[in-house]
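Tertiary structure, described
In case you want the letters, here they are:
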Amino acid sequence: MMKPLHQVVSPRSLDELPEHSAASPLSIHDMTVAYRRKPVLWDIDYDAPDRSLIAIVGPNGAGKSTLIKACLGLIPMASGRVEIYGKPAKAQRGIVGYVPQRESVDWDFPVSALDVVCMGRYGRIGWMKPVSRLHRDAAMACLEKVGLTDLANRQISQLSGGQQQRVFLARALAQEAKLYFMDEPFAGVDASTEQAIVETLRELKAHGRTVICVHHDLHTVPEYFDHALLLNMRVVAAGPVGDVFTPENLQKTYGGRLTLLDQAAQALARAERGG
Amino acid sequence: MTGLGHLALAHVHGAARPRGSLTDVGVDLPTLGEVFDVMTLRAGHNAAVVVAGTTMLGIAAGVVGVFALLRRRSLMGDALAHATLPGVAGAFLVAMWIGLDARSMPLLLAGAAVAGVIGAASVQGIVRFSRIREDAAIGIVLSVFFGLGVVMLSYIQRLDGGAQGGLSRFIFGQTAAMSRENALLMAGVAACAVAAALLLFKQFRLVCFDADYARSLGWSVGGIDLLMMALVVLVTVAGLQAVGMLLVVALLIIPPAAARFWTDRLWLMTAASAAIGGLSGHLGASASALAPRLPTGAVIVLAAGVIFLFSMTFAPARGLAPRALRHLKLRAQVGREHALRALYELAEPQGTDEAGATVGDVYGARQWSEGSARSALRGLRSRGLIEMRNGEAALTERGAEAARRVTRNHRLWEEYLVRYADVAPSHVDRSADMVEHALSPELIAELESALREEGRLPRSVHPIGRGGGDAQGGKR
């Protein structure tokens, strides 16, 4: 049903990305972020592995969204710096894609699904130029990829929650980025949307992309992601899921909430059985 | 002030018309010919200037207001408008002290613009550096600046021997005094607003919809916001003379809010808002040219209000009446589908679609009132889905087909909700025919096989094909 990614967006930009140096897609050095002088993130140091799917996991208030917003330059850092493929984040905006939390926008806004996906192309269109046919086609291809071709002209409030999330995903695809930040892309979506998103993430990885997701559901971390960053105002542990998803680390991250630990243990066991 | 209005527009009515005494508060009814002349800008130079000017102002405000509304900055416009009063008064005083013409319009408007910007910046500053919310900050700035302006006016009144320098006309507006230059200013502002909306449509749209995403693209959201705010300042200052600072915000809010009822497309909404704003300005100025005692600014705002009310009630896309109608239709359709299912389920134990059922059976099965059962059956009958035989309802061939489809969809949804109970109900599209669109073929096949095992799957009317859900075995 879904076409491979390289057929729907311009092939050159996907398969022949200019080779960046071996630099990590995302290096965070010594990042501290504060809201109203109260630090929410302390001394974050992290190097994301290339071509991987990474989950940022942690309890509510751990600073997960704050971390990706600071990486994107949406909120100021009190100290530290962020490098993307070896260059300052500011200089790399053209290759960074973003999927915000679904609740962050007003879905009653007078735009269609296709209009929203076209926004993913805005970074490539001149300031005073309208959205050309070419860009519109590219956006349409991204909508097709997430299975929403039929709903392209629907006003966005007429979409279900899962469909809205897919529209946001399609918009990020339309950016043709190399590194993606996604803020809870699986929050409140139906089973089929969840599956569609997972497939898209895997395909992105297969094409050399790196995706960093804030993720809530510990169950699915081992199944969906290669790497995990356990966060609770500081980095508790980071690395391949199999290495860092240990009861001790989760205990440190979530602080003794045993039900969660049980879930994680079961999930790990399931993932190991499933290979 | 009213006297001036009479003088300026006296020739609209012609000398032949006897004018009422000063105590006469009645409004002379204009003739149809006069109405036509004013509306088509042929009722003399001055009336034409006023009508053209306010029309332009309405267009400008309509365009700018769309983005202010969607960016939730409409009330900032109000704070800004009120804050212009001390600016006007301050400009008057400064000009007097340094010996310039204190009544020079560009000077006064420049003062208004400066003070308006300071007012808007104060709101931003309060929100940013304290924990006070925007609505409170707007209320504080709006009233303090306006109070300051009123104090300054009373000071000017003492200096000026009671004339206030004619400044109070900025509070309520006074179209009659509008000059050709003022009208040109409004045309210029309208041109700026339309040009900015056309050239920077993408930027305005994305910043209004999702500012964080715009920032992630590297855009200067602050700069784009500043530009939108500058347009609001332009419209407000240009509108001071025509509608006054108390009411100018209405032109920024009402036309876009009314336009929203007509369309779900941003560019259409912008065009509609410009049209509604322009129409309000035109109607309001025409009305007060015909009846000079009517205050123009207020009439313009009332015209906008009437258009808003009409849009809210009757606009097909989002108006209340069409929505109520759609709701009633949907309820009737749901009622008919329930009745179909009831008929199907009454016949199901016998394994036949032929069994008849009385009205009582139907409303007993659905725990309906007799009235709603009857009206549902009437609807089915008029659509040829059932026949009445000896007071019993029986499904026709088409009706049986529809009943199977409805029952199948209903049971699939039911099964889905039971199995995936953790999915929020808001994610379930219950409009019965949508099951194929909303769920994946694999999921439908899974649900169907579950129903088939229980013997509850009606024969599929249209083969589902994909995913092997070709359910023919539902009914023994």
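Every value quoted in this text rests on a predicted model; they were computed, and no experiment measured them.

Some points on the sheet that holds strand E2 (residues 386-389) of chain B
All names here are of chain B. One open sheet holds the three strands; their spatial order is E1-E3-E2, and the pairing between them is antiparallel. The open sheet has two edge strands with one neighbour each: strand E1 (357-358) and E2. Bridge count between E2 and strand E3 (residues 392-395): four bridges; the pairing is antiparallel. Paired with Ile 386 across the bridge in E3 is Leu 395. The sheet strands contacting helix H15 (residues 320-347) are E1, E2 and E3, and the helix crosses E3 at an angle near 90 degrees.

Considering a negative patch on the surface
All names here are of chain A. Taken together, the side chains of Asp 30, Asp 43, Asp 45 and Asp 47 define an acidic patch exposed on the protein surface. The residue Asp 30 is located in strand E1 (residues 26-35) in this model. According to the relative accessible area criterion, Asp 30 is partly exposed, its value standing at 39%.

Side note on helix H8 (residues 180-199) of chain B
Residue and element names in this part refer to chain B. Here H8 is 20 residues long and its end C-alpha atoms lie 28 Å apart, about the 28 Å a rise of 1.5 Å per residue gives. Within the span of H8, buried status applies to Asn 182, Ala 183, Met 186, Val 189, Ala 190, Ala 193, Ala 196 and Ala 197. Along the axis of H8, the buried positions cluster into a sector of 155 degrees, meaning they face one direction only. Opposite the packed face of H8, turned more than 90 degrees from it, sit the exposed residues Glu 181, Leu 184 and Leu 198. Buried positions along H8 lie against helix H3 (45-70), helix H5 (105-129), helix H9 (201-209) and helix H11 (221-243).

Here we look at the pattern of salt bridges
Pairing between side chains of opposite charge can happen when their charged atoms approach one another. Summed over the entire model, instances satisfying the criterion amount to 17 salt bridges over all chains. The closest approach of N and O atoms between Arg 71 of chain B and Asp 225 of chain B, which form a salt bridge, is 2.8 Å. Highlighted residues: Arg 71 of chain B in the loop between H3 and helix H4 (74-97) and Asp 225 of chain B in helix H11, separated in sequence by 154 residues. The network of salt bridges with shared partners includes Asp 108 of chain A together with Arg 260, Asp 264 and Arg 318 of chain B.

Each value, and the rule that gives it
- Residues numbered from 1 in each chain as written.
- Chains lettered and ligands numbered in written order.
- Predicted model: local features only at pLDDT ≥ 70, side-chain atom pairs only at ≥ 80, totals over all residues.
- Heavy atoms only, no water.
- Pairing = 2+ DSSP bridges.
- Helix = DSSP H or I, 4+ residues; strand = E, 2+ residues; numbered from the N terminus.
- Contact = heavy atoms within 4.5 Å.
- Axes fitted to C-alpha atoms, helices over the stretch in contact; angles between N-to-C directions.
- Patch = residues over 30% accessible without salt bridge, like charges linked within 9 Å, V, L, I, M, F, W, Y side chains within 5 Å.
- Areas by Shrake-Rupley, 256 points an atom, 1.4 Å probe, with all protein chains shown as cover.
- Salt bridge = Lys/Arg side-chain N within 4 Å of Asp/Glu carboxyl O.
- Lys, Arg positive; Asp, Glu negative; His and termini not counted.
- Charge placed at Lys NZ, Arg CZ, Asp CG, Glu CD.
- Buried < 20%, exposed > 50% of the residue type's maximum accessible area, 1.4 Å probe, protein only.
- Expected span 1.5 Å × (residues − 1).
- Arc of directions from axis to C-beta.

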